[in-house]
Amino acid sequence: MRTCSRNVVTGGICKRLLLLLLVLIAIEQTAACYFPIEYQGEYITQNTVTDGSVRYSRINITESAIPIWGNCHKRHDNNVVLKTGTEEASCYRCFHLKLVSKNVLRVLTADNDYISKCHTNEEKALASCLRDDALQDEEKSTEIILYKFREWNNDEVRQEYCPIHGRYKLTYNIDNGTEDRVECESPESEVDNCPSGSALNLRFRNCAFHDQEVTFECLGHWRGLRNQNYLALVNTNNDARLGPKYRCATWVENPKTGEIEISFSKDSTCRSINKYHRNANSYGNNINNDYHSEIISLTPIPQEFGQISQYCSFPNWLIGKWEHVIVSQNQLIYKDHTSFKTYTMKCVKNNTNYDSDKYIVYSQTQCGEEKYQCLKIQRRDENVFEFQISSRSEPNFTNTICNEFYFNDDRWLTQGRLDSNSIVSPCPIVGEFSGVIPDDEGLCAKLSSECGSPDIMYYQISACEFDEVYEEREYRCLGQWTHRNIVYTYTQRRDVGTYECFVGTMLSDRQIFIKEAGEHCQRDVNPHRFGMELNKVAHCSMPEPFKPSSRPTHKYSEVPTVRSTTSGYQRHDQQQPHSSSPSVVANSTPSSPVVTTGRSNTQYTVTNQQQPKQPQPHPTARPGVPGSGASRPIVQSQSSYLLLLATLICVILGSNKFRC
C-alpha cells in the first residue's frame, strides 16, 4: 500500500492533491472583489416617506463591502453581486452601480423588495443582474439614489460646480393637482450663484409666501436616459416649503433664449419627477393623489459689460464645449473649479504682432467683478488644448499684460473636448506591458491596448505571485504631445468620468517608463527617474466577438478618423543619466519615488497564503481602501478548510490503496 507520505511533498499531501488544493485556493482568491476608491465613503439615501416627510438612512461603502447589503462577492462591469450570511446559509443579491457624478451613486436592482429578497446561490443572483435592455426601461428596475456626504478618509465631500450659472429672474410653481395658482411670479425674485459657482441662491420676493432666501448646494449633475439632464441638490436651509433636504431634478435649457426650466422630484428619488401627467385645465377633476409638479422657470438677466471699442475672434478649432470651458466666436466662459468663480471673457485683441497665441480679454465674474486679462492658448491635439491666465490684470486696456513675464510653465490648465467621439486620438502604447510597482511590495501593474480600439487602454493592479486583481481601470486617450523629450498623454477614465494626465518615455520599443502628472499635466516630471518601468509582454490583442469579455470593447471602425498619426512615448537610443537638477525635475520629490497607479498614494496589501513571508500593510495605508488590512477580505478560513478537506481525502485514498 502506498499512501500520501511526507517524503512526496512537504506537509503530507501528495502532488496531485496539492495541485488540486492550489487550484481551489486560486479560485477562492481570484474571486476577490473590491470597489474603486471613488465609490468609497458615506452616503445618504431615502428610506421612507410619511405624510410628505422624507426619512433617510446612512449607507457606508468600504473597499470590499456595503455592510447594510452585503460583502462584495463578484463584479462584472457595473454589476456587483453582494453576499451575506454563512457558507451554509448564504444570501446573494445583484446590484447595478453607476457613479453618475463624484457625489452621486445610482444603484439599480431588478427586485423591488431588494432588502428582504435574495438568492440562495451565485448563479441565480447573476441571472437576476440587469442587462442592457432592462437598464433602458425604468419599469424593469428599482432605482436607489445615494448622495455622498463624507469621503473614505472622513473628509467632507468636495464641492461640485453647478451646470447653471449667472443671474436669472425666477418663477416658482408647485402643483398637486388641486389648485390653479402660481406661488411666485414676482419680477423681484431672482437666482444667482454668487459668490460660489457650487451653489444656487434663490431669493423669493413678494410671493404667495413670506420673503425668504434658500441656498441649494450642487452635489452633481449627469446625463441620463434619452439625454435628459439631471441635477442633485442639497438644501442648506432645511426649509420644508421647498421639499426635502436632498433633491433630484431635471433641467432643460432653450439654446436660443437661455431660458431654463428645472423640474424637482417630490422626494429624494429621481423617478418621481413629473411622474403623473394630466391635461391642462383639469384641476380637481379626478387627479391622481400622487400627482406632483414643482417647477422653477429661469429667465436670464443679460450681463452688462463696460465700454469695449473692439472685438477679436478666437480660432475656429477652439469653438465648442470643453471640460470647464465653453467657447464661441468672441466669448470664452471658464469655470474655475478651485475658486468656483465663473469668468465670462470677451475677446478684445489678438496679439498677432507679437504672439499669435495670446489674447487680451475683458473678463467679468458671476459676481460682477470686471478686469482686463491676457489668455495664452495652445492647441496640443485635436481633443486637447491648454491655456493660462496672466498673473497680472488691469482695470483698463493695456498691451503690457501679455508680457511673457506674467506666464509660467507650471500654470497650464489642460482641457479635453466634450463629445469628442468623432475624433480618434491613438494612445501612445500598442500591445501589453507589465511591471512591478516599486513602492508597493508584491503588487504588479499591467497596461494594455486593443488593435481595434487604438484610443482605449486598460490598466490593472494585481498581486504579483497569484492572480488576484485589486483594481481595473479603462482610459480613453484624448491627445498627446511632446515637451522637452517627454510625451504627455491626456486621458479620460471611462468608469468614473474623471480626467488624468500621464507622462512617459520609451527607452526601446519594448520598455517604457510612465508616471502620473495630475489633472493639468504638471511639467518637469521625470518618468524615467520617478516613474514605473513597464516591459512589453505581448502585442495588441484583437477583440474576440464570440467570446464574452469582462470589459467593454469600444470600436470606432464606423467613425471617420480625423487624423492618422503614428505616435508613442519618446524613445531614447541611449539611456540618459539620472539628473537631480531642478531644471530637469523641478516639481519632483527625489526622496520618495512615487509611481503612477492612476491615483496617487493608493496602496494595496497582498494577502498571499502561499508566500512564507507576509507583506505588511504600508504605513500610510488608508482605512476603507485597498491597503487596509482590517477591511481586506480574508481567505484564510477557506484555505484552512480546503487544506483539511484535502488531507482527509488523501487519507481516504491512501487507505483504499490508490496511488497518488
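Residues numbered from 1 in each chain as written. Predicted model: local features only at pLDDT ≥ 70, side-chain atom pairs only at ≥ 80, totals over all residues. Heavy atoms only, no water.

1. What to know about the overall build of the protein
The line we're drawing: Helical segments are the DSSP runs of H or I of at least four residues, strand segments are the runs of E of at least two, and each set is numbered from the N terminus. For every residue, the accessible area (1.4 Å probe, protein chains only) is compared with the maximum for its type, and the residue is labelled buried under 20%, exposed over 50%, or partly exposed between those bounds. Should any heavy atoms of two residues lie within 4.5 Å, those residues are counted as being in contact. The method behind every accessible area is Shrake-Rupley, applied with a 1.4 Å probe, and residues are considered shielded solely by the protein chains displayed.
Summing up its helical and strand segments, the protein has 5 helices and 33 strands in all. Considering the protein as a whole, with its 660 residues, one finds that 50% of them fall into the buried category. Of the contacts formed within the protein by residues at least 6 apart in sequence, a portion of 56% connects residues at least 24 apart. By element, 48% of the accessible surface of the protein is carried by carbon and sulfur atoms, the whole surface being about 32,800 Å².

2. Considerations on the nonpolar core
Inclusion rule: To qualify as a nonpolar core, a set must consist of buried Ala, Val, Leu, Ile, Met, Phe, Trp, Tyr and Cys residues joined through side-chain atoms within 4.5 Å.
By size, the foremost hydrophobic cluster in this structure holds 25 residues, and its most contacted members are Leu202, Phe204 and Leu298. Among the secondary structure elements, those contributing two or more residues to this core are strand E9 (168-175), strand E11 (199-204), strand E12 (212-223), strand E13 (229-235), strand E14 (246-253), strand E15 (260-264) and strand E16 (293-300). Apart from residues lying up to four places away in sequence, Leu298 is in contact with Ile164, Tyr168, Lys169, Leu170, Val191, Glu259, Ile260 and Ile262. Within the second largest apolar cluster, 22 residues are counted, among which are Phe433, Ile437, Met506 and Ile514.

3. A few points about the state of the cysteines
Heads up, the condition is: To count as a disulfide, a pair of cysteine sulfur atoms needs to be within 2.5 Å.
Following the criterion strictly, the structure yields 12 disulfides and no others. Linked covalently through their sulfurs, Cys194 and Cys367 form a disulfide whose S-S length is 2.0 Å. Here the disulfide of Cys194 and Cys367 is right-handed, its torsion about the S-S bond being about 120°. Placement of the pair is Cys194 in the loop between strand E10 (190-192) and E11 and Cys367 in the loop between strand E21 (358-365) and strand E22 (370-381), with a sequence separation of 173 residues.

4. Remarks on the sheet that holds E11
Defined as follows: A pair of strands counts as paired when DSSP detects no fewer than two bridges linking them. To get an axis, fit a line to the C-alpha atoms, keeping to the stretch in contact for a helix; angles then go from 0 to 180 degrees between the N-to-C directions.
The strand order around the closed barrel formed by 8 strands is E9-E10-E11-E12-E13-E14-E15-E16, and the pairing between neighbours is antiparallel. If you compare each strand with its neighbour and ignore which way they point, the axes differ by 30° on average.

5. As for the side chain of Gln415
What counts here: Contacts described as polar in this section are N or O atom pairs within 3.5 Å, which, within protein, must combine one atom able to donate a hydrogen with one able to accept it, while residues neighboring in sequence count only if both atoms come from side chains.
Among the secondary structure elements, Gln415 is positioned in strand E24 (residues 413-416). Residue class for Gln415 comes out buried when judged on its relative accessible area of 1%. At 3.5 Å, the side chain of Gln415 and the backbone nitrogen of Glu323 are in polar contact. Contact partners of Gln415, with chain neighbours within four places excluded, come to Trp322, Glu323, His324, Val325, Asn383, Val384, Phe385, Phe387, Tyr490 and His520.

6. Examining the pattern of salt bridges
Convention followed: For salt bridges, the criterion is a side-chain nitrogen of Lys or Arg within 4 Å of an Asp or Glu carboxyl oxygen.
This structure, assessed with the given rule, holds 24 salt bridges. Ionic pairing is found between Glu213 and Arg205, a salt bridge with its closest N-O pair at 2.7 Å. With a closest N to O distance of 2.6 Å, Asp495 and Arg493 form a salt bridge. With relative accessibility at 1%, the residue Arg493 sits in the buried group. Here the salt bridges do not stand alone but share partners, grouping Asp192, Arg203, Arg205 and Glu213 into one network.

7. Section: the sheet that holds strand E5 (residues 79-85)
Across the sheet, which stays open at both edges, the 8 strands sit in the order E2-E1-E8-E7-E6-E5-E4-E3 with antiparallel pairing between neighbours. Unpaired on one side and paired on the other, strand E2 (53-61) and strand E3 (65-66) mark the two borders of the sheet. As paired strands, E5 and strand E6 (residues 90-101) are joined by 7 bridges and run antiparallel to one another. If you follow Thr84 over to E6, its bridge partner there is Cys91.

8. Some remarks on the packing of aromatic side chains
Just so we agree on the cut-off: In summary, the pairing rule links any two rings of Phe, Tyr or Trp, Trp by its six-membered ring, whose centres are within 6.5 Å, and it sorts them by plane angle into stacked for under 30 degrees, edge-to-face for over 60 and tilted for everything else. Our definition puts a charge over a ring when NZ of Lys or CZ of Arg is within 6 Å of the ring centre and also within 35 degrees of the ring normal.
Taken as a whole, this structure holds 23 aromatic pairs when the rule is applied. Here the guanidinium or amino end of Arg380 rests over the ring plane of Trp412, the centre of that ring lying 4.9 Å away. Directly above the aromatic system of Tyr488 lies the positively charged group of Arg523, at a separation of 5.1 Å from the ring centroid.

9. Description of the environment of Pro36
Its location among the elements puts Pro36 in the loop between helix H1 (15-30) and strand E1 (41-50). Separated by 26 residues in the primary sequence, Pro36 and Thr62 place their C-alpha atoms 9.3 Å from one another.

10. Regarding unusual backbone geometry
Along the chain, Cys194 connects to Pro195 via a cis peptide bond; the corresponding omega equals 15°. Locating Pro195 in the fold gives a position in the loop between E10 and E11. Its identity is not glycine, yet Asn227 carries a phi of approximately 60°, on the positive side. By the secondary structure assignment, Asn227 is in the loop between E12 and E13. Phi is positive for Cys521, close to 50°, though the residue is something other than glycine. For Cys521, the position within the fold is in the loop between strand E31 (511-516) and helix H4 (527-530).

11. So, the confidence of the model for the protein
Counted only if it meets this: Confidence of the predictor in every single residue is expressed as pLDDT, which spans 0 to 100.
Chain-level pLDDT for the protein is 77 on average; 72% of the residues reach the 70-or-more range. Ignoring residues within four places in sequence, the model shows residues 276-288, a span with pLDDT below 50, making 17 contacts including any to other chains.

12. Digging into the pairing of E15
In terms of burial, E15 is a largely internal element, 4 of the 5 residues being buried. Note: E14 against E15, 5 bridges, orientation antiparallel. Paired with Val252 across the bridge in E15 is Glu261. In the sheet, E15 pairs with E16 via 5 bridges, with the strands oriented antiparallel. Along E16, the bridge assignment pairs Ser263 with Ile295.

13. Brief notes about the environment of Gln310
Along the polypeptide, Gln310 turns up in the loop between E16 and strand E17 (320-321). When neighbours within four sequence positions are excluded, Gln310 is seen to be in contact with Cys347, Val348, Lys349 and Phe397.

14. Examining the environment of Trp251
Examined against the element boundaries, Trp251 turns out to sit in strand E14. A C-alpha to C-alpha distance of 9.4 Å links Trp251 and Ile296, two positions 45 residues apart in sequence.

15. Side note on the pairing of strand E32 (residues 532-538)
Relative to E32, strand E25 (residues 432-436) runs antiparallel, the two sharing 3 bridges. Its bridge partner being in E32, Ser434 is matched across the sheet by Asn535. Inspection of the sheet shows E31 paired to E32 by 4 bridges, in the antiparallel sense. Of the residues in E32, the one forming a bridge with Phe513 is Glu533.

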